[in-house]
Amino acid sequence: MPVLSLAVCDDEENFNRELCCRLETILKRLGEPFRMESYASANTLLQSQKAFDILLLDIKMPGQSGLSLAKQLRGRGTAGAVIFVTAFREYAFDAFSLEAVDYLCKPLQEERLEQALYRAMDRVKQRTEKSLLIASPSACRAVKLYTIRFCEVVGRKLYLHTDGETICYGGKLKALEQELDERFFCCHRSYLVNLDFLSEVAGGQAVLQTGERLPVSRLRQKELMQAMLRRLKGEVSR
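Residues numbered from 1 in each chain as written. Predicted model: local features only at pLDDT ≥ 70, side-chain atom pairs only at ≥ 80, totals over all residues. Heavy atoms only, no water.

Colleague: Any chance you could explain the overall build of the protein here in plain terms?
Modeller: Helix and strand content of the protein: seven helices and 15 strands. By the compact-globule yardstick of 18 Å for 238 residues, the protein fits well, its C-alpha radius of gyration being 19 Å. Counting only C-alpha atoms and orienting by the principal axes, one finds that the protein spans roughly 60 × 40 × 30 Å. With 238 residues in all, the protein has 47% of them scored as buried. At a minimum sequence separation of 6, the contacts of the protein that also span at least 24 residues come to 53%. Counting only carbon and sulfur atoms, one obtains 51% of the accessible surface of the protein, whose full area is about 12,200 Å². In the protein, 35 side chains carry a positive charge and 31 a negative one; their mean positions are 6 Å apart. (Helix = DSSP H or I, 4+ residues; strand = E, 2+ residues; numbered from the N terminus. Rg over C-alpha atoms; globule rule 2.2 N^0.38 Å. Buried < 20%, exposed > 50% of the residue type's maximum accessible area, 1.4 Å probe, protein only. Contact = heavy atoms within 4.5 Å. Areas by Shrake-Rupley, 256 points an atom, 1.4 Å probe, with all protein chains shown as cover. Lys, Arg positive; Asp, Glu negative; His and termini not counted. Charge placed at Lys NZ, Arg CZ, Asp CG, Glu CD.)

Written out as structure tokens, the structure is:
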């Protein structure tokens, strides 16, 4: 069983300690193997260069906000599930635009904390488990879905743009779409975009967290925006 990695980032020392204890209690009750680290500032978490499955971030912190921290983490390819924990309600929209799993307001209610943790764990599980099988007469390869930013078709070739490489093989986009899950949306007749990497839809383009831009068909733009919103709110089945 893989070990779940968590990071808690909050400049309030007492709250930081309390949140770690509460998370530890829930995870031990579930029998979930885990490792957890706490940070007092956004900069110290960034400097750690460690990858975490789940991150619980305060928003208002000295030096750099939790929103800015999440944006930087997304920019460098971090796919961890983010839960914002704050005393300020007005940043909820900004939080969900950064793929937040949940937005919890202090003081924390035990039931809400557990629900958020369950959702984050579910996202981690779904992200890491599902794969696309690419088969040829001489080879067979499994590609984790969470690594694929977008897919495109050029002629009779499919190109999977992943975190580390671009994979090319023969096939049709429509057939590929049937093999993928709900996180992928056909934004154009030649493109499938992974909603988990999407940061903006505007001006006939889908803008990814990496800065890459994909064309969006005029008739699909509204539907893509709705799919993006549902995904950010966790309403899309996983």
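On we go.
Colleague: Please clarify how the sheet that holds strand S15 (residues 213–215) should be interpreted in this entry.
Modeller: Neighbouring strands of a sheet are bound in pairs by backbone hydrogen bonds; such pairs are parallel or else antiparallel. Overall, antiparallel pairing links the three strands, which are arranged S13-S14-S15 in an open sheet. Bordering the open sheet on either side are strand S13 (198–202) and S15, each of which pairs with just one other strand. Looking at each pair of strands side by side, their axes are set apart by 25 degrees on average, direction ignored. (Pairing = 2+ DSSP bridges. Axes fitted to C-alpha atoms, helices over the stretch in contact; angles between N-to-C directions.)

Colleague: Could you clarify how one ought to interpret the pattern of salt bridges in this entry?
Modeller: A side chain of one charge can pair with a side chain of the opposite charge if their charged atoms are brought near each other. Applying the stated criterion to the full structure yields 18 salt bridges. In this structure, arginine 17 engages glutamate 13 in a salt bridge whose closest nitrogen and oxygen atoms are separated by 3.0 Å. Taken together, the residues arginine 17 and glutamate 13, both in helix H1 (residues 13–30) and four residues apart, mark about one turn of the helix. For glutamate 13, a relative accessible area of 57% puts it in the exposed group. Between arginine 149 and glutamate 212 there is a salt bridge; the shortest N-O distance is 2.7 Å. With arginine 149 in strand S8 (residues 148–154) and glutamate 212 in the loop between strand S14 (205–208) and S15, this residue pair connects regions lying 63 residues apart in the sequence. For arginine 149, a relative accessible area of 12% translates into the label buried. The class of glutamate 212 is partly exposed, set by a relative accessible area of 24%. Linked through salt bridges whose partners overlap, the residues forming this network are Asp10, Glu12, Asp58 and Lys106. (Salt bridge = Lys/Arg side-chain N within 4 Å of Asp/Glu carboxyl O.)

Colleague: I would appreciate a short explanation of the packing of H1 against helix H5 (residues 110–129) in the present structure.
Modeller: What describes two packed helices is the angle between their axes and the distance between those same axes. Relative to each other, H1 and H5 sit at 65 degrees, their axes nearing to 11 Å. Along this stretch, H1 crosses H5, giving a crossing that reads as right-handed. In this structure, H1 contributes Leu19, Arg22, Leu23, Ile26, Leu27, Arg29 and Leu30 to the contact, and H5 contributes Glu110, Leu113, Glu114, Leu117, Tyr118 and Met121. Partitioning the contact of H1 with H5 into residue classes produces nine nonpolar, no polar and four charged. (Left-handed = near helix turned anticlockwise from the far one by under 90°. Nonpolar A, V, L, I, M, F, W, Y, C, P; charged D, E, K, R; others polar.)

Colleague: Before we go on, may I ask you to explain the sheet that holds strand S4 (residues 81–86) in this structure?
Modeller: Strands sit in the order S2-S1-S3-S4-S5 across an open sheet of five strands; the sheet is parallel. The sheet is open, and its two edges are formed by strand S2 (34–39) and strand S5 (100–105), each paired on a single side. With direction set aside, neighbouring strand axes in the sheet form an average angle of 15 degrees. Bridging between S4 and S5 involves five bridges; their strand directions are parallel. Residue pairing across strands places valine 82 opposite alanine 100, the latter belonging to S5. Each of strand S1 (4–9), strand S3 (54–57), S4 and S5 is contacted by H5, which is oriented at about 170 degrees to S5, the strand it contacts most.

Function-wise, these values are silent; they only describe arrangement.
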